[in-house]
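These are the residues of each chain, in order.
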Amino acid sequence: MAITENAKAYHARMFPGYESDFLQTDPEFIEVFDNFAFDEVVNNDDLDDRTRMMTILATLLGCQGIDEFRAMLPTALNFGVTPVEVKEIVYQAVDYLGIGRVFPFLKATNQVLEERGIELLLPGQSTTNRDNRLAKGEQAQLDIFGEGMRDFKSKGGAAQNINRWLVDNCFGDYYTRTGLNYQQRELMTFCYLAAQGDVEPQLTSHAEANIKNGNDYEFLIKVISQNIPYIGYPRSLNALRCATVANQKVLEEAK
């Protein structure tokens, strides 16, 4: 097979000592996929391996790629993603995917960590309690999205309860946790949504939040590019369109 030396070398870094059974059953596919994903894609830009792996984990959560997630998690740990960061990526996904889709990933995460000799429980990361989660959640919204989110909890009419839950649960319970900062959390959210599909309004909003919090348009293009092998072209192109719309809005606001 004509697997490139670059692809072989990167695969060896990702999966030390492992040779896929697909080399025997599906060699032509492996040649095409490995050359693309592990040579052409990873060498397309300067995104570092650690950041790449964090986005891949979030993307696999979003697209429900549980088997690939289980395979990639040891690589992420080898490339410097910490167990706490992995857990925070999984926990936060509940806000955007729901426990029905995240539950298998939490089980898989615990299994992989235990197989590597990492003791559970991990150190707690919560910074809020039942008394202050609403106020701290609102502050997180303001920090990330700006003054337009002030008093969002009191809006929505008959659906005000949902707005309040977005503040105290989504942001107060999760975004205020340590382990990931706001910039990283917004990037993970972008990946969940891009991989999930059919959530373009939310994806555009969070693309804008990413751009305003340090993950600029060119950076988002790198992230989208690196995850094409994991979610395919339609959802990647949709993500690119949403990021482009968000960037145009940010540029217009800056005039």
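Our structure's up above, just so we're on the same page.
What comes next is a walk through the structure. Just so you know, these numbers come straight off a predicted model, no measurement behind them.

## Considering the overall build of the chain
When helices and strands are counted, the chain shows 14 helices and zero strands. Traced from its N-terminal end to its C-terminal end, the chain shows the element sequence α-α-α-α-α-α-α-α-α-α-α-α-α-α. C-alpha atoms of the chain, sized along the principal axes, occupy 60 × 45 × 30 Å. Split into buried and exposed, the 255 residues of the chain put 48% on the buried side. Accessible surface computed for the chain: about 12600 Å², of which carbon and sulfur atoms make up 53%. For the chain, the distance from the average position of its 24 positive side-chain charges to the average position of its 36 negative side-chain charges is 8 Å.

## Concerning unusual backbone geometry
Cis geometry is adopted by the peptide bond preceding Leu121, which originates at Leu120 and carries an omega value of 15°. With respect to the helices and strands, the residue Leu121 is situated in the loop between helix H7 (99-115) and helix H8 (133-145). One non-glycine residue, Asp151, lies in positive phi territory at about 60°. Here Asp151 shows up in the loop between H8 and helix H9 (160-175). One non-glycine residue, Asp198, adopts positive backbone phi at about 60°. Along the chain, Asp198 turns up in the loop between helix H10 (182-196) and helix H11 (200-212).

## A word on the side chain of Gln92
One can find Gln92 in helix H6 (residues 83-97). Accessibility expressed as a relative area gives 0% for Gln92, which makes it buried. One polar contact links Gln92 to Thr189, side chain to side chain, over a distance of 2.8 Å. Each residue touching Gln92, except ones within four places of it in the same chain, is listed here: Tyr174, Tyr175, Arg185, Met188, Thr189 and Tyr192.

## Things to note about the environment of Leu47
Relative to the elements of secondary structure, Leu47 occurs in the loop between helix H3 (27-41) and helix H4 (49-63). Since its relative accessible area comes to 6%, Leu47 is described here as buried. Contact partners of Leu47, with chain neighbours within four places excluded, come to Arg52, Phe219, Lys222, Val223 and Gln226.

## Let's talk about empty space enclosed by the protein
In the structure shown here, the tally under the stated rule is three cavities of 30 Å³ or more. Taken as a whole, the largest cavity spans an internal volume of roughly 60 Å³. Forming the boundary of the largest cavity are Thr59, Phe190, Cys191, Ala194, Ala195, Val223, Ile224, Asn227, Ile231, Ser236 and Ala239. Counting residues per element, the ones that place at least two in the lining of the largest cavity are H10, helix H12 (217-226) and helix H14 (233-254). With four residues, the single largest contributor to the lining of the largest cavity is H10. Each residue belonging to the lining of the largest cavity can be placed in one class, and the counts come to eight nonpolar, three polar and no charged.

Procedures and definitions
Each residue is numbered by its place in its chain's sequence as written, counting from 1. Two thresholds apply to this predicted model, a pLDDT of at least 70 for residue-level local features and 80 or more for giving and counting side-chain atom pairs, whereas whole-chain, interface and lining totals are computed over all residues. Side-chain calculation: all heavy atoms of the structure are included, whereas hydrogens and water are not. The helix and strand labels rest on DSSP assignments: H or I over at least four residues marks a helix, E over at least two residues marks a strand, and numbering proceeds from the N terminus. Under the scheme applied here, a residue whose accessible area is under 20% of the maximum for its type counts as buried, over 50% as exposed, and between as partly exposed, the area being computed with a 1.4 Å probe on protein chains only. Residue-level accessible areas treat just the shown protein chains as cover; the underlying method is Shrake-Rupley with a 1.4 Å probe. We count Lys and Arg on the positive side and Asp and Glu on the negative side, and we leave His and both chain ends out. In plain terms, the charge of a residue is placed at NZ if it is Lys, CZ if Arg, CG if Asp and CD if Glu. Identification of polar contacts relies on pairs of N or O atoms within 3.5 Å, with a donor-acceptor requirement for protein atoms, meaning one able to donate a hydrogen and the other able to accept it, and with residues adjacent in sequence counted only if both atoms are side-chain atoms. The contact rule is simple, with two residues in contact once any of their heavy atoms fall within 4.5 Å. Points on a 1 Å grid over protein atoms alone make up a cavity when a 1.4 Å probe fits among them but cannot get out, and a pocket when they form an open set with protein on both sides within 12 Å along at least five of seven lines; lining residues each have an atom within 4 Å of a point. Grid points are joined across faces, edges and corners, and a volume is the space filled by probe spheres set on the points. For this classification, Asp, Glu, Lys and Arg are treated as charged, while Ala, Val, Leu, Ile, Met, Phe, Trp, Tyr, Cys and Pro are nonpolar and the rest, including Gly, are polar.

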